[in-house]
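Single-letter residue listing:
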Amino acid sequence: MNFDLIVLGSGPGGYVAAIRASQLGMKVAIVERENLGGICLNWGCIPTKALLKSAQVFDYINHAQDYGITVGKAKAEFDQMISRSRGVADGMSKGVQFLMKKNKITVIEGDGKLARGKKVVVTDASGAKKEYSAENIIVATGARSRALPNIPIDGEKIIGYRKAMTMEKQPKRMVVIGAGAIGVEFAYFYNSIGSEVTVVEFLEQGLLPREDKDVSKELGKVFKKYGVNVKANTAVESVDTSGKTIKVTVKNRKKDETEVIECDVVLSATGVMPNTENIGLEALGIETEKSGHIKVDEFYRTNVSGIYAIGDVLTTPALAHVASAEGITCVEKIAGMDVHAIDYNIIPSCTYCVPEVASVGMTEAQAKEEGIEVKVGKFPFSASGKASASGAKEGFVKVIYDAKYGELLGGHMIGSNVTEMIAELVTAKNLETTGHEILKAIHPHPTMSEAVMEATAAAYGEVIHL
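Caption draft 1: Spatial organisation of the overall build of the protein chain. A tally of regular secondary structure across the protein chain gives 14 helices and 22 strands. By the compact-globule yardstick of 23 Å for 466 residues, the protein chain fits well, its C-alpha radius of gyration being 23 Å. Here the C-alpha coordinates of the protein chain stretch approximately 65 × 60 × 50 Å along the principal axes. A burial count over the protein chain gives 51% of its 466 residues as buried. Carbon together with sulfur atoms contributes 50% to the accessible area of the protein chain, which is approximately 22,300 Å² in total. Here the protein chain holds 53 positive side-chain charges and 57 negative ones, and the gap between their average locations is 4 Å.

Following this line, the structure appears as structure tokens:
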């Protein structure tokens, strides 16, 4: 069977690329070995947000009295939370099935492997092989949990994110290794429903070490209040799973002190690694990094003509919206359209714990390291009328501007619903909006988004409500 385009993998990069290609008149096939929608829809973005929403509702009920409401004692039904999450994921996967049919995209089930002559060999569940050819092939096979070298994931006592959202029984004690978005979100979820959670992070900054330091510090304060034990600047020496309880030996790198933490399960949340093994890269001579990531140019072309790669198989940020944008850009370039390369300095990052965290662009430290003179403004939600009315006064909005030209360099938020608010600063940065333009854009009152205007006003010494 011949196609204009075959996409390996149906995650948010793959299925979006396939749909855009179909819209542009291409005959398209997509190869998927598991469920349509990939990790994002089935095991990542969507089902985790369903779990987090359950935890948030549980927290609301427990604090109903704060809103003048009296309710009975709430109980977290762990198995029902897991079931709801899986139901949401299944619904989203079926939605992608509908989109494939709507856009006349051929879905091929099985493991796909690149072959010479712009061909893909697909092995189905029975072991039968079938060959397909295409003028263009996009590799969008995604990534999986990365384990520490001395701590292999066994799926029972040491688990990855997939097992963390399908556990049969809620653990009483959990150790989370890694304080990035995955680790922080699961730490919040399990702590909220009553598990004793310890987060161990190798880097000194602690929670969300790639975010602005002020944001990490604020989240650390909130997590401490919630009862999450955070150990920053700490290395995991070993994990002993031989006994009834798991013993995690950790070492504080600054104090050079070692301690043993006992728990029921260890979640390895130290990032992801690309699914680039056994897909035929070597046979075709496709170049990769030492990490296994595929090398591409700004339009996702590999060194082999007609073969492209997008999403988590690249060294670009491992985010669903990045993969989707890369897929669209790649396909439009294949179609001969005049497209611009993606500016990775304007990629929003979101973490959906409570309080939420969202950011775009440079941190204050990064700007100063580059020798840029900056104007920095911060507005706390404790001074926001809408935040007070909502009972969500934690956090702030922080903005960083170039002092000379007024260019928005970065925006950093922590608070209720800030993952919905960050789009304003993403759009502003994309349009090269200046601080004065944001300041003069009238924001509705009362809203949480007013904090963007107020933080900008603070940067220019014009803040009203502080």
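Caption draft 2: Seen up close, the sheet that holds strand β8 (residues 158–159). Pairing within the open sheet is parallel, and its five strands lie in the order β8-β15-β9-β10-β11. Pairing within the sheet leaves two strands with one partner each, and these edge strands are β8 and β11 (229–231). Pairing analysis gives five bridges linking strand β9 (residues 173–177) to strand β10 (residues 196–200), with the strands arranged parallel. Residue pairing for β10: Val175 is matched across the bridge by Thr198.

Caption draft 3: A look at the packing of helix α1 (residues 14–23) against helix α9 (residues 320–334). Interhelical geometry of α1 versus α9 gives an angle of 30° and a closest axis separation of 8 Å. As α1 packs across α9, the resulting crossing turns out to be right-handed. Residue-level inspection shows Val16, Ala17, Arg20 and Ala21 of α1 in contact with α9, the latter providing Ser324, Gly327, Ile328, Val331 and Glu332. Here the contact of α1 with α9 is composed, by residue class, of five nonpolar, two polar and two charged.

Caption draft 4: Broad picture of the side chain of Glu364. By secondary structure assignment, the location of Glu364 is in helix α10 (residues 364–369). In this structure Glu364 comes out as buried when scored by relative accessible area, which is 19%. There is a polar contact of 2.7 Å between the side chain of Glu364 and the side chain of Lys398. Filtering out sequence-adjacent residues up to four positions away, Glu364 remains in contact with Asp212, Asp214, Val376, Lys398 and Ile400.

Caption draft 5: Structural view of the packing of helix α3 (residues 45–62) against helix α4 (residues 78–102). Two numbers describe how α3 lies on α4: the axes approach to 8 Å, and their chain directions differ by 140°. Here α3 lies oblique to α4, going by the angle between them. In this structure, α3 crosses over α4, and the sense of that crossing is right-handed. Only Met81, Ile82, Arg84, Ser85, Arg86, Val88, Ala89 and Met92 of α4 make contact with α3, whose side of the interface consists of Ile46, Pro47, Ala50, Leu51, Lys53, Ser54 and Phe58. Looking at the contact of α3 with α4 residue by residue, the class counts come to ten nonpolar, two polar and three charged.

Caption draft 6: Looking closely at the sheet that holds strand β14 (residues 257–263). In space, the three strands of this open sheet follow the order β12-β13-β14, with antiparallel pairing throughout. The strands lining the two open edges of the sheet, one partner per strand, are β12 (234–240) and β14. Put simply, the sheet's adjacent strands are angled 25° from each other on average, direction ignored.

Caption draft 7: Here's a closer look at the packing of aromatic side chains. Here the structure, examined in full by the defined rule, presents five aromatic pairs. Arranged with centres 6.0 Å apart and planes meeting at 45°, the rings of Phe78 and Tyr190 form a pair that is tilted. Here Phe78, found in helix α4, pairs with Tyr190, found in helix α6 (residues 181–192); they are 112 residues apart in sequence, far enough to count as distant. Between Phe223 and Tyr226, the ring centres sit 6.4 Å apart and the planes meet at 35°, which makes this aromatic pair tilted. With Phe223 and Tyr226 both in helix α7 (residues 213–226) and three residues apart, the pair spans about one turn of that helix.

Caption draft 8: Spatial organisation of the side chain of Lys163. Here Lys163 is to be found in helix α5 (residues 161–164). Here the side chain of Lys163 touches Glu168 through a polar contact of 3.3 Å, side chain to side chain. Leaving out residues up to four positions away in the same chain, Lys163 has contacts with Gly155, Glu156 and Glu168.

Caption draft 9: Representation of the environment of Glu34 within the structure. Topologically, Glu34 is positioned in the loop between β2 (28–32) and α2 (38–43). The partly exposed category is assigned to Glu34, whose relative accessible area is 42%. Sequence-wise, Glu34 and Gly110 are 76 residues apart; in three dimensions their C-alpha atoms are separated by 7.5 Å. Apart from the residues lying within four places of it in its own chain, the contact partners of Glu34 are Trp43 and Arg162.

Caption draft 10: Broad picture of the pattern of salt bridges. Evaluation of the coordinates by the stated rule reveals 17 salt bridges. Across the pair Asp111 and Arg33 runs a salt bridge, and its minimum N-O distance is 3.5 Å. Taken together, the residues span a long stretch of sequence, with Asp111 in strand β4 (residues 111–115) and Arg33 in the loop between β2 and α2 at a distance of 78 residues. When its relative accessible area of 41% is taken as the criterion, Asp111 is described as partly exposed. Note on Arg33: relative accessible area 59%, which makes it exposed.

Calculation criteria
- Residues numbered from 1 in each chain as written.
- Predicted model: local features only at pLDDT ≥ 70, side-chain atom pairs only at ≥ 80, totals over all residues.
- Heavy atoms only, no water.
- Helix = DSSP H or I, 4+ residues; strand = E, 2+ residues; numbered from the N terminus.
- Rg over C-alpha atoms; globule rule 2.2 N^0.38 Å.
- Buried < 20%, exposed > 50% of the residue type's maximum accessible area, 1.4 Å probe, protein only.
- Areas by Shrake-Rupley, 256 points an atom, 1.4 Å probe, with all protein chains shown as cover.
- Lys, Arg positive; Asp, Glu negative; His and termini not counted.
- Charge placed at Lys NZ, Arg CZ, Asp CG, Glu CD.
- Pairing = 2+ DSSP bridges.
- Axes fitted to C-alpha atoms, helices over the stretch in contact; angles between N-to-C directions.
- Left-handed = near helix turned anticlockwise from the far one by under 90°.
- Contact = heavy atoms within 4.5 Å.
- Nonpolar A, V, L, I, M, F, W, Y, C, P; charged D, E, K, R; others polar.
- Polar contact = N/O pair within 3.5 Å; in protein donor to acceptor, adjacent residues only side chain to side chain.
- Parallel < 35°, antiparallel > 145°, perpendicular 65-115°, else oblique.
- Phe/Tyr/Trp six-rings, centres within 6.5 Å; stacked < 30°, edge-to-face > 60°.
- Salt bridge = Lys/Arg side-chain N within 4 Å of Asp/Glu carboxyl O.

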